[in-house]
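Here's the letter readout for the chains.
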Amino acid sequence: MAPSQGNLFPLYSSGPSPLWNKIRVTWIYLYKSLSNHRNRMDHQTGWASRVMWYVSTRGMAPRVDFEGALFSGYAPDGGLFMPEELPQLSRETLRQWSALSYPNLVVELCALFIGPELIPRDDLNDLIHRAFRRFRHREVVRLSRLRDGLNVLELWHGATYAFKDLSLSCTAQFLQYFLQKRGKHVTVVVGTSGDTGSAAIESVRGAKNVGIIVLLPQGHCTKIQELQMTTVLEENVRVFGVEGNSDELDEPIKAVFADVAFVKKHNLMSLNSINWSRVLVQMAHHFFAYFQCVPSLDLHPLPAVEVVVPTGAAGNLAAGCIAQKMGLPIHLVAAVNCNDIIHRTVQRGDFSLSETVKPTLASAMDIQVPYNMERIFWLLSGSDSQMTRGLMEQFERTQSVSLPEELQSKLSAAVTSESVSDEAITQTMARCWEENQSLLCPHTAVAVSYHYQQMLRQTPSPPRCCLAPASAAKFPEAVVAAGLSPETPTEIQALEGKETRCTPMRRSDDWTVMLRDTIENMGRRWRATS
């Protein structure tokens, strides 16, 4: 959610520097060294048999296929990759998909956006099911039907108890598939303040073709988050505890990625949350929520379902907007905490930074720049890359943009929004426990608070589903603040007694040298065993 969590190249308020443009060009160069660009188009009918191309939201970069988007992260012009065309789903397709399990639904979506010339269907099926084999719930995700029409889709049954396990586990499988085909190795470098680091580690631990280095801010993660990273002892994983905050630990990462020759030599990349692969998998949340909550698929027109998305960086929200454009009849609600840039943008077109980020109980949503909104602007403007580029460049220069009236009108038609206070979060957590004996994480409570507000207003609405991005077990402090008793799963309790490995980066150390040395050692180890 937060750009500091695994987002190596956030849209800083001062705008992208020439250094970052240089880095982005390097990423494209790296991709071209991994895969020959494809210049043909499959003329077979049916979306699943076509090459899906991806273009930059800013319109100044060459188009790439899925493999290119996967390895590139940002486009070289600073934009984000989006599909050049969106498949349109018929009523019959939706009816067929409604009977699918969550993993099989992910397979169908990925088949549309990857194409069999890159990953044949049987291989894709194996990759997706392998990605989800360690999830605790047999259905991978679980819909909890609670009192007064409250539906909560639990997305946190993966290894780290957070929704990021879903997209990162699939993304890691795609990476390894292409790397093994080409006999290549990448080293992933992640700066994290919590959830992204642990989910990224879990997604690639033990992988032969991927090494991962995570820098965490010592003392700034929760104890559970830190243990989820430091108790992983596989040889392809290295964790550093930095004597500094999230901004400070970004400095050695920036320095390493600024060395073009070094990046190319060691095939460096980051599993950051602007990666298209992660948005693609997140689209399945919306389809699954719809199929679980729609009263009937026999009605004309198809009934709508309202999906409430607790969001910070707007990745899940962008996934929902894309699903809408493909024909899924959902109403979207962006539920945010008091860091409300998305709410202000939806309500009045005010896409501008606040003076500061306010710490809240829903800490993963404490961000200033919801960078996936760029995808939404591009999508709702009819793929107008010139307008999107102008908006984002102005935002990077001035930290403030007023959306054009037509775009703001389309946004408010596609998305409703609500901003929720810490007081409302704890009240919601307490109420949900009292009425259902169900513990919510503070981020889920942001979404459920909207549901309770709508009940109070007695506003007529379609069936509603609230997305639950994390388990309450990861946020015991918030549970206590709500006057409740934390419940700690056995797997998390067991972390306390495990061996840990974390290399300190003290203020007296040269962090950049330490990071470079570790990257070089990982590369030598891979070459010695390959």
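Just so you know, these numbers come straight off a predicted model, no measurement behind them.

Calculation notes
Residues numbered from 1 in each chain as written. Predicted model: local features only at pLDDT ≥ 70, side-chain atom pairs only at ≥ 80, totals over all residues. Heavy atoms only, no water. Helix = DSSP H or I, 4+ residues; strand = E, 2+ residues; numbered from the N terminus. Rg over C-alpha atoms; globule rule 2.2 N^0.38 Å. Buried < 20%, exposed > 50% of the residue type's maximum accessible area, 1.4 Å probe, protein only. Contact = heavy atoms within 4.5 Å. Areas by Shrake-Rupley, 256 points an atom, 1.4 Å probe, with all protein chains shown as cover. Lys, Arg positive; Asp, Glu negative; His and termini not counted. Charge placed at Lys NZ, Arg CZ, Asp CG, Glu CD. Salt bridge = Lys/Arg side-chain N within 4 Å of Asp/Glu carboxyl O. Expected span 1.5 Å × (residues − 1). Polar contact = N/O pair within 3.5 Å; in protein donor to acceptor, adjacent residues only side chain to side chain. Pairing = 2+ DSSP bridges. Axes fitted to C-alpha atoms, helices over the stretch in contact; angles between N-to-C directions. Core = buried A, V, L, I, M, F, W, Y, C linked by side-chain atoms within 4.5 Å. pLDDT = per-residue confidence, 0-100. Phe/Tyr/Trp six-rings, centres within 6.5 Å; stacked < 30°, edge-to-face > 60°. Lys NZ or Arg CZ within 6 Å of the ring centre and 35° of its normal.

1. Brief notes about the overall build of the protein chain
For the protein chain, the helix and strand inventory stands at 21 helices and 15 strands. A compact globule built from 530 residues would reach a C-alpha radius of gyration of about 24 Å, and the protein chain, at 22 Å, matches this within 12%. Overall size of the protein chain, expressed as C-alpha extent along the three principal axes, is 65 × 60 × 45 Å. The buried share of the protein chain, reckoned over its 530 residues, is 62%. Long-range contacts, defined as pairs at least 24 residues apart, comprise 76% of the intrachain contacts of the protein chain with a sequence gap of at least 6. Accessible surface, the protein chain: about 19,700 Å² in total, of which carbon and sulfur atoms supply 47%. Positive and negative side-chain charges in the protein chain, numbering 51 and 53 respectively, have mean positions lying 5 Å apart.

2. Digging into the pattern of salt bridges
A side chain of one charge can pair with a side chain of the opposite charge when the charged atoms of the two come close. With the rule as written, the count across this model stands at 26 salt bridges. The closest approach of N and O atoms between Arg-501 and Glu-235, which form a salt bridge, is 3.9 Å. Residue Arg-501 is found in the loop between helix H20 (490–495) and strand S15 (503–505), and its partner Glu-235 is found in the loop between helix H8 (223–230) and strand S7 (237–242); the two are separated by 266 residues along the sequence. In this structure, Glu-235 and Arg-525 form a salt bridge, with 3.8 Å as the shortest nitrogen-oxygen distance. Residue Glu-235 is found in the loop between H8 and S7, and its partner Arg-525 is found in helix H21 (residues 511–529); the two are separated by 290 residues along the sequence. Here the salt bridges share partners, and the residues they tie into one network are Arg-134, Glu-202, Arg-205 and Glu-234.

3. Considerations on helix H11 (residues 276–293)
With 18 residues, H11 extends 27 Å between its outermost C-alpha atoms, agreeing within 8% with the 26 Å of an ideal straight helix rising 1.5 Å per residue. H11 sits mainly inside the fold: 17 of its 18 residues count as buried. The N-terminus of H11 is capped by Asn-275, whose side-chain oxygen sits 3.0 Å from the backbone nitrogen of Ser-277.

4. A short note on the sheet that holds strand S3 (residues 142–145)
Pairing is mixed in the open sheet, where 6 strands are placed in the order S3-S4-S14-S9-S10-S13. The open sheet terminates on both sides in strands that have one partner only, identified here as S3 and strand S13 (415–419). Direction aside, neighbouring strands of the sheet carry axes that sit 25° apart on average. Across the sheet, helix H12 (residues 315–325) touches strand S9 (305–310), strand S10 (330–336), S13 and strand S14 (464–468), and the angle it forms with S10 is around 170°.

5. Things to note about the sheet that holds strand S5 (residues 186–191)
With parallel pairing, 5 strands are arranged side by side in an open sheet as S8-S5-S6-S7-S15. Strands with a single pairing partner mark the edges of an open sheet, and in this sheet they are strand S8 (268–269) and S15. Note: S5 against S8, 2 bridges, orientation parallel. Note on S8: the bridge partner recorded for Val-188 is Met-269.

6. Considerations on the pairing of S5
Counted residue by residue, S5 has 6 buried out of 6 residues, so it is predominantly covered. Of the two faces of S5, the one carrying Val-186, Val-188 and Val-190 and the one carrying Thr-187, Val-189 and Gly-191 are both buried. Pairing of S5 with strand S6 (residues 210–217), which is carried by 6 bridges, proceeds in the parallel orientation. Across the sheet, the residue bridging to Thr-187 is Gly-211, located in S6.

7. Observations regarding the nonpolar core
Within the largest apolar cluster, 128 residues are counted, with the highest numbers of intra-cluster contacts made by Phe-174, Trp-276 and Phe-287. Among the elements that line this core, the one with the most residues is H11, at 12 residues. Residues contacting Trp-276, with those up to four places away along its chain left out, are Tyr-54, Phe-66, Ala-69, Phe-81, Met-82, Pro-83, Phe-113, Met-283, Ile-322 and Arg-375. Of all hydrophobic cores here, the second largest spans 38 residues; its members include Ala-470, Phe-475, Leu-484 and Ile-492.

8. Things to note about the confidence of the model for the protein chain
Confidence in the prediction for the protein chain averages 88 pLDDT; 90% of positions are at 70 or higher. Here residues 1–18 is modelled with pLDDT under 50, and outside its nearest four sequence neighbours on either side it reaches 75 contacts, counting other chains as well. Contacts for the low-pLDDT stretch residues 31–45, under 50 throughout, to residues beyond four places or in other chains number 36 contacts.

9. Examining the packing of aromatic side chains
The tally for this structure, following the rule as stated, stands at 13 aromatic pairs. Where Tyr-177 meets Phe-178, the ring centres are 5.7 Å apart and the plane angle is 80°; that geometry is what we call edge-to-face. One exposure class covers both Tyr-177 and Phe-178, and it is buried. A cation sits over an aromatic face here: Arg-63 above Trp-53, 4.2 Å from the ring centre.

10. Thoughts on unusual backbone geometry
Cis rather than trans, the peptide bond between His-300 and Pro-301 has omega equal to -10°. Tracing the backbone through its elements, the reader meets Pro-301 in the loop between H11 and S9. Phi at Asn-267 takes a positive value of approximately 50°, unusual for a residue other than glycine. Counting through the fold element by element, Asn-267 comes out in the loop between helix H10 (260–266) and S8. A positive phi is found at Gln-437, a non-glycine position, where the angle reads about 55°. For Gln-437, the location among the structural elements is in the loop between helix H17 (422–436) and helix H18 (442–457). The exposure class assigned to Gln-437 is exposed, which follows from its relative accessible area of 52%.

11. Description of the side chain of Asp-350
Mapped onto the elements, Asp-350 comes out in strand S11 (residues 350–352). Here the side chain of Asp-350 touches Arg-344 through a polar contact of 3.0 Å, side chain to side chain. Excluding anything up to four places from it in sequence, Asp-350 contacts Ile-341, Arg-344, Thr-345 and Val-401.

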